[in-house]
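Below are the chains, spelled out letter by letter.
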Amino acid sequence: MRPEFLLNFCAVIEDTALSQLIQRTDWLIPAVQTVHIMAIAALLISALTIHLRVIQVSFTNQSLGWTIAIFFRVLQWSVVVLLVTGLVMIIGEPARALANSAFQIKIVLLSIAMSATFYLVTQIKNTLIYAEGTKAATGAFRWVSTVAIISWISVVFSGRWIAYT
Amino acid sequence: MSPEIISILNFLLDTPLAALVSENEVLFPWIESLHVLGIALVFGSIVVVDLRLLGLIMRDQAIHAFLRQYLIITWLAFALSAITGAVLFVSNAMSYASNTNFQIKLILLICAGLNMVIFQKVFAKKIPRWLFEEQVPRMAKIMACISICIWLGVVIFGRLIGFTLMPTIAN
């Protein structure tokens, strides 16, 4: 999707002093992309730990409440770092991101992954499963976790495809 | 580069696999996406394991059981990264081989492998007895620090390849 108003908006961002500064600073985008990848690693391992524990595929000797308490915090901070570094990349090359179909798909997938994970964590925190720790999650939670894992992995894929579309 | 290495690289470039990947517009991005996924999971799981060995996270979890669970992800992700990395290399062997960032990444990967082999050799039989970080030897903690540094380097130089590879497909 490349509507006229979006391209105009990209042009406005590209003309800002901040965008010009990012474009002129050769090392900035590689450095920001590296931090972005490290945050993806932290996010992926946190999301996998939480969701594989919910599905009962792995980490079954860890209590569900404990797993969520630790790894959801890491996941939240990873999302913050990803948003900040992502924003720098968007300001630096707005058209490459905002007007790119892979980026637009990435945002949709990111919304699904985040909604599924945040919904799941909130629901589990509000139920007996969290308090009892090792008790198995319900079937519905397992489905949400499966959707979340697929969405998080798809976010990584669509992110890499931005460079090719 | 020595003539022997150049002939090996040319041989790789002449393989049907190299032609398939480099000439197909869709295949290269897919393989690269899988490679990024693999590297992210290797890096993430190794850092979690190393931080646990250092006693910086999840101190109330028994080390042995903790390590065992994450190392499954590490090895699966490493296999994915190695296979996809090899295919990407074959598709543009000459450019990768002459790229300084790629060479540094390769050296770091060898260092990471050596670090892991030495760790296994020295500590494999003792790990089941480690419950909490007080029981982890100082040398194992030093190796965990080295491991984090090496893998940070792998990610940094891996990303830099995309900006320095000639001819580059994308960054």
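Details of the structure are given in the entry above.
Residues numbered from 1 in each chain as written. Chains lettered and ligands numbered in written order. Predicted model: local features only at pLDDT ≥ 70, side-chain atom pairs only at ≥ 80, totals over all residues.

(A) Up close: the overall build of chain A. Of the regular secondary structure elements, chain A holds eight helices and zero strands. Helices (α) and strands (β) of chain A occur, in sequence order from the N terminus, as α-α-α-α-α-α-α-α. Principal-axis analysis of the C-alpha atoms places the extent of chain A at approximately 55 × 30 × 25 Å. A separation of at least 24 residues holds for 81% of the contacts in chain A among residues at least 6 apart in sequence. (Helix = DSSP H or I, 4+ residues; strand = E, 2+ residues; numbered from the N terminus. Contact = placed C-beta atoms within 7 Å.)

(B) Here's a closer look at the environment of Leu152(B). Tracing the backbone through its elements, the reader meets Leu152(B) in helix 7 (residues 138-164). Between the alpha carbons of Leu152(B) and Ala77(B) there is a distance of 16 Å; along the sequence they are 75 residues apart.

(C) Looking closely at the environment of Leu120(A). All names here are of chain A. Secondary-structure assignment places Leu120 in helix 6 (residues 101-125). Since 24 C-beta atoms lie within 10 Å of it, Leu120 is described here as buried. As a C-alpha pair, Leu120 and Ala140 span 20 residues in sequence and 9.6 Å in three-dimensional space. Excluding residues that lie within four positions of it along the chain, Leu120 makes contacts with Val54, Phe141, Val144, Ser145 and Ala148. (Buried ≥ 20, exposed ≤ 12 C-beta atoms within 10 Å, placed from the backbone.)

(D) Representation of the interface of chain A and chain B within the structure. Counting residues at the interface gives 23 residues for chain A and 23 residues for chain B. Element by element, the count of residues in the side of chain A that touches chain B is highest for helix 3 (residues 28-55) of chain A, at eleven residues. The residue inventory of the side of chain A that touches chain B, partitioned by class, reads 17 nonpolar, five polar and one charged. (Nonpolar A, V, L, I, M, F, W, Y, C, P; charged D, E, K, R; others polar.)

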